[in-house]
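# Structural characterization, general
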Amino acid sequence: MPTIEVPKEKWNGKVREITLGATAAEGGTRAKTVTVGGETTLPFLHFEGEIPRPPAIAIEVQDRKPVDWSPVLLEAWGDVTEDVAAWTKAAAEAGADVILLKFSLHDELSPDYARQVLRHVLDATGLPLIVFGPGQADLDNDVLVAVAEEGKGENFVLGVCEDKNYRTIVAAALAHGHLVNARTAMDVNLAKQLNILISDMGLPLERIVMDPTTGALGYGMEYGYSVMERLRLAALQGDGMTQQPMLVTPGEEAWRAKEARAGEGVPQAWGDWAERAINWETLTASTLVESGADIVVLRHPESVKRVRGMIDVLMSKSGVTS
Amino acid sequence: MALPGNSTRRIIIAEHSVRFEPSGQTVQARTGALISEIARQVGLDLNMPCGGQGRCGRCAVIVQDGGAGIRRRSTLRLTSEDLVAGYALACQTVLEGDVVVTVPVQEKIERRLVTDKTATPIVLPFTYDPLQHQSVRLLPLTLDPPSMVDQTDDWSRLKRAMASAPSSSLGQWDSGNGTWMKQESAADDGTGVVDLMADLSTLRRVGTMLRQHNWAVNAVVEIDIWDRPDGPARLIDLLPPGRTEHLWGAAVDIGTTTVSLYLVDLLTGEVATKAAEYNGQIKRGEDVISRIIYASKNDGLGELQSLVVGTINELLERAARRAKISPSEIYKMVVAGNSTMIHLLLGLPPSSIRLEPFVTTINHPPPALASDLGINIFPQANVDCLPGVASYVGADISAGVIGSQMCDSSALTLFLDVGTNGEMVLGDCDWLISCACSAGPAFEGAGVRDGMRATVGAIEEVWINGETYEPTYRVISNPKLEAQGQPTPSRGICGSGLISLLSEMFITGVIDKAGNLNFDLGSSRIRRGEHGPEYVVAWADQTEQGHDIVITKVDIDNLIRAKGAIYAGFTVLAQSVGIDLSMVERVLIGGSFGQYINIEKAVQIGLLPDLPWEKFHFLGNTALQGALLALLNREYRQQIGEAAQGMTYLELSADNSFYEAFTSALFLPHTELAQFPSVAEVLADRDMQSVR
Amino acid sequence: MALSGLEIYKLLPGSSKNPEVKKHANCKECGFPTCLAFAMKLGQKQAVLAQCPYVEEESKAKLEASAAPPIRLITISANGRKLEVGNETVLFRHEKTFYHEPGLFVRVKDTQADAAEVAKAVGEYMVDYVGMNLTMNGVAVEAAGGDFAATVAAVKSACPLPLVLLVEDPAAAEAGLTAAQGTQSLLWAATPDNWEAMAKLAAQYKVPLAVRAAGGDLDALAALAEQVKGAGVEDIVLDPGVRDYDSSLAAFTQLRRLALKHNERNVGYPIIAFAGDDPVLAGQHIAKYAGFVVLDRFSSGTVYPLLVMRANIFTDPQKPIQVKPGIYEINNPKPGDPLMVTTNFSITYFSVANEIESSGIPGWLLVADAEGMSVLTAWAAGKFDAERIAKSVKTTGVAEKLSHQRIVIPGHVAVLMGELEEELPGWEINVGPREAVDLPNFLKMQWG
Ligand code: SF4
Ligand code: FES
């Protein structure tokens, strides 16, 4: 009888371990912290390396009720979207490890307003935070600098930090003890370059989360998928500039897709709206988790449940270990 | 025995005497003091362009007794001979004993640093023997005059004289006398030139010439050419009997940006003069693609053809004037150039070069008559365009491969020709693979706001002080001003200047690795100009035009793209055959900027792979060199044809990996710093210094 | 093991030591300009060895060995609908590409009253995704104690797609195979207990046979495959007997690695996976190495995302991804808002669209068909010129949506301005910035 040797790769790299949030003892106010990273093999291949902890799930809440969200989503959350503190609590109950607070674009958005919102959220939850600006360079800088200062020592992840505006955000993270989310457009090289530029400013690599961006299922997901696989392979092969844990936002991407947004006027073959929409988010997220995501940001509570279920089994180490 | 602690203390407080020559000042200084500091204390003004970081080598001094009494922290820029001679960098050298320090005059340092970069004189890889190698010959003929007895026509008479002339009378150079000798030997049975042809316009002059010179003439004959290797020979011209000292030919390289020319004596194989000028087509587009597009419009093709011919004629004029001849005395021209340039010269529509599937009209064009092209050499002289490989790897490369002799060795060689297109060849005597990528004209000083060619007034090297961010630069000087002891005002920055500027800005942190100017440094030279962020290299009062010479963010991006494209070309070429760039044994660099660039700077910006410096060989304009070889030696002419045939061409546009390699290279020096260990070291050093 | 281009070249006439062979170097008879060019194409499997008539025998043997596929290609079919799986050469799609999409099957039981109905729905399902028609690949009929042969027959007549027969009792299997005559079905499964009988059937009916081991025992699986092969069955499919996320990820990864990197011939076959009714697990199977994926439930809202996911993962990463040419509305533009043009290379499109979108400025983005190239490349290759831009302005009818006739072209193709004015009489051509990043500012300044 032939005996087959389990084919194991020898990796010499390791994903950096990064902790989000800070407890009182660590200079913050969080009830708990969340650590990600530390893998020494490809996702969930327990038979050849360490997967010390599961990927974290973040749930996105916004400072006010989103105007452009799919009714499927708004319905799932109900009234809490009217109040950011309530929403934050609901998200924590829905199983979030981390809360992502995203500021939306509106006239009242100002540094002071951002500080107030942040206070509400900090009071509403003991979970670590990720804070994203509205996505417009100037405003992002204003909002994030204010938020960074207001939450000094909380060890947030500040985002989105991109090559054209990284300096201000990185400076804020340096000054107030936070992390940054370095986002680049689905390209291995750009991801590495931004990590280098940021660390050249003096922010240690232990404080950079990288966000290689991804498209939703059907909208370029495979691009992001392969970029993440390549980044993770490079990290395991010892490339120090790719060893950041990866954060991706499949929730936002998937719910932008027509398949998730539109209930009417779509082909019959698309099937039931809610079923399809939730599958859209879940499949985008689960595929990215399997390509190396360490933090996935989701929107629908049902997706959270399903992705959590998958991660739980993948972490159970029931796989072949012989 | 003294305790170690004690002994250390004793050394630190020790004082030594330092004497500076030629000024003779003497001073006491402590162990560990920098020579540059001590010099400053006594009021000696050492030149320190890089701000004392040990990068520029300009602060070199000579320490007597080969450098005893000092310790060199860094010996970068110093050769082993320098060390023996006692050279030390004042900014990197500390005192450990009594010394005498000589401060050399600055010019001496300049000269020492420059010598390693000066272009090699043109040496032919073979001993030129026109009888064996040259196909255009000068044949002294003496004809029997016609008479009533012999009414043979002039043409037959000429042919008869030629056939019966001793073969050695095809000419032999007598180096002893320095004259062209007609030698006869008993065993000779004639030249073998039996079959002769001539163009009508040559024929028209035969009768007059023979009679005017009493039946003794010099015939200019082209015995063969590549597309008719077995003849028949062609009579090009008849010269008076005395005209035997020279027989002129020209080798030309038509670059997209620069056209260069050698005027060559075909009797001796010597290059009499060289000349170069921007290609007149530039105003119709900076790169080949724009030219191709321009050519497809109205009479764009005709216009571009006459523009380049204009440039060639101008160069011919200039070269001929210097050699005190007339261009019409030139009887042969060999042209190298990329496929588009050759198409445009010949008036062939180039549009298919640019469109899928990227083919040329002809890779190996037949010779054309100068008069047909409008080139002002002898009208019936042949203009022979060398063969190309593919649309984007042209005759400049086949010529370069031969000119650089890359395929003569089994050493894995990378040959690079940097012009507006970066063309490169990888291989050895067994195989060759080539590709081309568009670098743009930046390295030739064009397409950059204050860029210029490497001529008088060009800033050709720059150093930036790592603390003050002030630049120091060297300008290609005007000999007349120099003779009067006056500085040459700067007019712009040439390719090598741009490379060194980019490298200095990067190493000193004036720009980040992505090329963004760092406004946090607080230097007045970093500012927002009309065209966005920029760095001022020269203030208006130091320039000829009276306005600031700057490098803008747009220029920086252009340069990074240019270097990125070239490096990506290397990467993909190596990948395509499964070779690692570090396996390359020789890097041969040709191209019109080849002889000036500074390897270290080019490596620092990631233009060239980070290999030991001794692997790089600058060959100057290899295309022109190849054209010269083809002009002089029919064997080389044939080899160029074979190289073009046997070279494998890698089409980068069909290759996704290029895009990948390109984005990876759009960073300083490269996204993979590990591929540039020497640069990583310099950066680590810099960070150490800034901590200190 | 695959050879690199240069390694192949060393075996071709161009580098032969034998002058009789060497003389053919670069003769072009293979249809490529040089031996090296041919070698590189061979390495990329874009040429076949037979194209060169002059390869020496010894080299030929080496080259053929290196070209043998490490994972056998398995074909099943029915009514001209064919499914091919296997022949994969890489572990990660970016290394080259994944070639054969795994088949998606829906399981029906012979005890299930609506088996034929479900099969019909599966057979009829078709959905359009970026111009491709995505369909399911077949039905897996399970012998669960009912009338297996009758169910197979009913499914076969209700659905034109290939079948998988899930049956371990050789007698039932034979009945099923008889009922499935005329199709090339996959027979599942041979186990240590029944393999001889099953192998005989597979050989007799000329169908591929799946071998099943228990609980991820790869040794047992390889042994079984070897035995079945010894019994004359060449077309084999592997079922390592794992059903959850964790153990299937481990087992499938190991099988793929064994086949590709360790040349383990006994597991050089495609894998069949059972995802139950969990689409997320099916998704994992698609991305991670299954050749056949069997779902327990058919529902459009679930299979549509799965089919799209499969199409995504199996897209050739070497080919640029294109977006559909046309007019894209960003931030709900009004007739007076700016019109910009770019190419249909997805990255180009996304970077331009993202910049505009995140700036909040409403605008019309005209995407011209440039065959999926970026602006500069397309321009250089003549795929993005005045003529093409004018054509897309006209064919999209964008003019009717606008109250102005102004169009912004990318700064990289500023040279097109003059020609475009000729092609689009009456239009004002504005040259925009070279990089997308600068678009928002440009629009703010120029489009008051
Ligand atoms: S057929 Fe092709 S590979 Fe074979 S010898 Fe000729 S050129 Fe070379
Ligand atoms: S090397 Fe000493 S000043 Fe530059």
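If you're wondering where the values come from, they're calculated on a predicted model, not measured in any experiment. (Residues numbered from 1 in each chain as written. Chains lettered and ligands numbered in written order. Predicted model: local features only at pLDDT ≥ 70, side-chain atom pairs only at ≥ 80, totals over all residues. Heavy atoms only, no water.)

### Points about helix 5 (residues 115-124) of chain C
Residue and element names in this part refer to chain C. Put simply, the test is: Only protein chains enter the accessibility calculation, which uses a 1.4 Å probe; a residue is then buried when its area is under 20% of its type maximum, exposed when over 50%, and partly exposed in between. Per the convention used, a helix needs a DSSP run of H or I reaching at least four residues, while a strand needs a run of E reaching at least two, with both numbered from the N terminus. Each direction from the helix axis to a C-beta atom contributes to the arc, which is the arc of those directions. We call two residues in contact whenever any of their non-hydrogen atoms come within 4.5 Å of each other.
Within helix 5 the residues assigned to the buried category are Ala-115, Val-118, Ala-119, Val-122 and Gly-123. Considered in projection along helix 5, the buried side chains sweep an arc of 135 degrees and stay on one side of the axis. For helix 5, the exposed residues lying more than 90 degrees away from the buried face are Glu-117 and Glu-124. Against the buried residues of helix 5 lie strand 3 (103-109), strand 6 (138-142) and helix 6 (148-158).

### Observations concerning the confidence of the model for chain B
Residue and element names in this part refer to chain B. Applied cut-off: Here pLDDT means the predictor's own confidence in every residue, given as a number from 0 to 100.
Per-residue confidence for chain B averages 84 on the pLDDT scale, and 89% of its residues sit at or above 70. Segment residues 1-12: pLDDT under 50, and four contacts once partners within four positions in sequence are set aside and those in other chains are kept. Note on residues 111-120: pLDDT under 50 across the span, and 18 contacts to partners over four residues away in sequence or across chains.

### Remarks on the interface of chain C and chain A
Heads up, the condition is: Values labelled buried area give the accessible surface lost by two parts on being combined, using a 1.4 Å probe and summing over both. Here, a salt bridge means any Lys or Arg side-chain nitrogen found within 4 Å of an Asp or Glu carboxyl oxygen. Identification of polar contacts relies on pairs of N or O atoms within 3.5 Å, with a donor-acceptor requirement for protein atoms, meaning one able to donate a hydrogen and the other able to accept it, and with residues adjacent in sequence counted only if both atoms are side-chain atoms.
Taken together, the 58 residues of chain C in the interface contact 54 residues of chain A. Taken together, both faces of the contact between chain C and chain A bury some 4600 Å²; the carbon and sulfur share is 63%. Inspection of the region where chain C meets chain A yields four salt bridges. Connecting chain C to chain A are 16 residue pairs in polar contact (both at pLDDT 80 or more). For the side of chain C that touches chain A, the secondary structure elements donating two or more residues are strand 4 (126-129), helix 9 (218-230), helix 10 (245-261), helix 11 (279-287), helix 12 (300-313) and helix 13 (346-359) of chain C. Considering every element that reaches the side of chain C that touches chain A, the biggest residue donor is helix 10 of chain C, with eleven residues.

### Here we look at unusual backbone geometry
With an omega of 0 degrees, the peptide bond running from Glu-21 of chain B to Pro-22 of chain B counts as cis. The residue Pro-22 of chain B is located in the loop between strand 1 (15-21) and strand 2 (26-30) in this model. With an omega of -10 degrees, the peptide bond running from Leu-668 of chain B to Pro-669 of chain B counts as cis. Here Pro-669 of chain B shows up in the loop between helix 21 (656-665) and helix 22 (677-691). Phi is positive for Asn-155 of chain A, which is not a glycine, with a value near 60 degrees. Along the chain, Asn-155 of chain A falls in the loop between helix 4 (137-150) and strand 6 (157-161). Despite not being glycine, Lys-324 of chain B shows a phi value in the positive range, around 60 degrees.

### Remarks on empty space enclosed by the protein
To find leftover empty space, a probe the size of one water molecule is rolled over the atoms. Short version of the rule: Of the grid points, spaced at 1 Å and generated over the protein atoms alone, those admitting a 1.4 Å probe that cannot get out make up cavities, while open sets with protein on both sides within 12 Å along at least five of seven lines make up pockets; any residue with an atom within 4 Å of a point is treated as lining. Grid points are joined across faces, edges and corners, and a volume is the space filled by probe spheres set on the points. Residues are sorted three ways: Asp, Glu, Lys and Arg are charged, Ala, Val, Leu, Ile, Met, Phe, Trp, Tyr, Cys and Pro are nonpolar, and all the rest, Gly among them, are polar.
Under the counting rule described, the total for this entry stands at nine cavities of 30 Å³ or more. Estimates place the volume of the largest cavity at around 180 Å³. In this structure, the largest cavity is lined by 18 residues; those nearest its centre are Ile-71, Glu-88, Arg-256, Tyr-289 and Ala-290 of chain C. Put simply, the parts of the chain that give the lining of the largest cavity at least two residues each are helix 10 and helix 11 of chain C. Broken down by class, the residue content of the lining of the largest cavity amounts to 13 nonpolar, three polar and two charged. Roughly 150 Å³ of internal volume is contained in the second largest cavity. As for the second largest cavity, its lining consists of 19 residues, of which Gly-255, Thr-256, Asp-396, Asp-417 and Gly-419 of chain B are closest to the centre. Those elements that provide at least two residues to the lining of the second largest cavity are strand 14 (248-254), strand 20 (413-418) and strand 21 (421-427) of chain B.

### A look at the sheet that holds strand 1 of chain B
Residues and elements named next belong to chain B. Stated precisely, the cut-off is as follows: Each pair of strands is called paired provided DSSP finds at least two bridges between the two strands. What counts as an axis is a line fitted to C-alpha atoms, over the stretch in contact for a helix, and the angles between N-to-C directions run from 0 to 180 degrees.
One open sheet accounts for five strands, arranged 2-1-7-3-5; its pairing is mixed. Two strands lie at the open edges of the sheet, namely strand 2 and strand 5 (87-89), each paired on one side alone. Across this sheet, the average inter-strand angle for adjacent strands is 40 degrees, counted without regard to direction. Sheet topology places strand 3 (residues 60-63) next to strand 5; three bridges connect them, and they run antiparallel. For Val-61, the partnering residue across the bridge sits in strand 5 and is Ala-88.

### Notes on the environment of Ser-291 of chain A
Residues and elements named next belong to chain A. Its place among the elements puts Ser-291 in the loop between helix 10 (273-290) and strand 10 (295-298). We classify Ser-291 as buried; its relative accessible area is 1%. Sequence spacing of Ser-291 and Leu-42 is 249 residues, and the spatial spacing of their C-alpha atoms is 8.0 Å.

### Topic: the environment of Ser-260 of chain B
Residue and element names in this part refer to chain B. If you trace the backbone, Ser-260 turns up in strand 15 (residues 258-265). The exposure class of Ser-260 is buried, given its relative accessible area of 8%. Ignoring any residue separated from it by four or fewer positions in sequence, one finds Ser-260 in contact with Ala-251, Val-252, Asp-253, Ala-275, Ala-276, Leu-315, Asn-621 and Leu-624. One polar contact links Ser-260 to Asn-621, side chain to side chain, over a distance of 3.4 Å.

### Let's talk about the site of ligand 1
What counts is decided by this rule: Consider each residue's heavy atoms; a residue with any of them within 4 Å of a molecule or strand counts as near.
In the region of ligand 1, the neighbouring residues are Pro-13, His-24, Asn-26, Cys-27, Lys-28, Glu-29, Cys-30, Cys-35, Phe-38, Cys-52 and Pro-53 of chain C. Here the shell around ligand 1 is composed, by residue class, of seven nonpolar, two polar and two charged.

### Observations regarding the nonpolar core
Considering soluble globular proteins, one finds that nonpolar side chains tend to be buried as a cluster. Put simply, the rule reads: What we call a nonpolar core is a set of buried Ala, Val, Leu, Ile, Met, Phe, Trp, Tyr and Cys residues that are connected through their side-chain atoms within 4.5 Å.
Phe-103 and Ile-198 of chain A together with Met-136, Leu-187 and Leu-238 of chain C are the most contacted members of the largest nonpolar core, which totals 180 residues. Here the element with the most residues in this core is helix 10 of chain C; it accounts for nine residues. Those residues in contact with Phe-103 of chain A, other than ones at most four positions away along the chain, are Asp-63, Leu-109, Tyr-113, Ala-114, Val-117, Val-131, Phe-132, Gly-133, Pro-134, Val-143 and Val-147 of chain A. Grouped together as the second largest cluster of nonpolar side chains are 115 residues, Val-334 and Ala-395 of chain B together with Leu-366 and Phe-384 of chain C included.

### Description of the pairing of strand 26 (residues 526-529) of chain B
All names here are of chain B. Pairing between strand 26 and strand 27 (residues 532-538): four bridges, direction antiparallel. When the sheet's bridge partners are listed, Ile-526 is paired in strand 27 with Tyr-535. In sequence, strand 26 turns back onto strand 27 through a hairpin of two residues.

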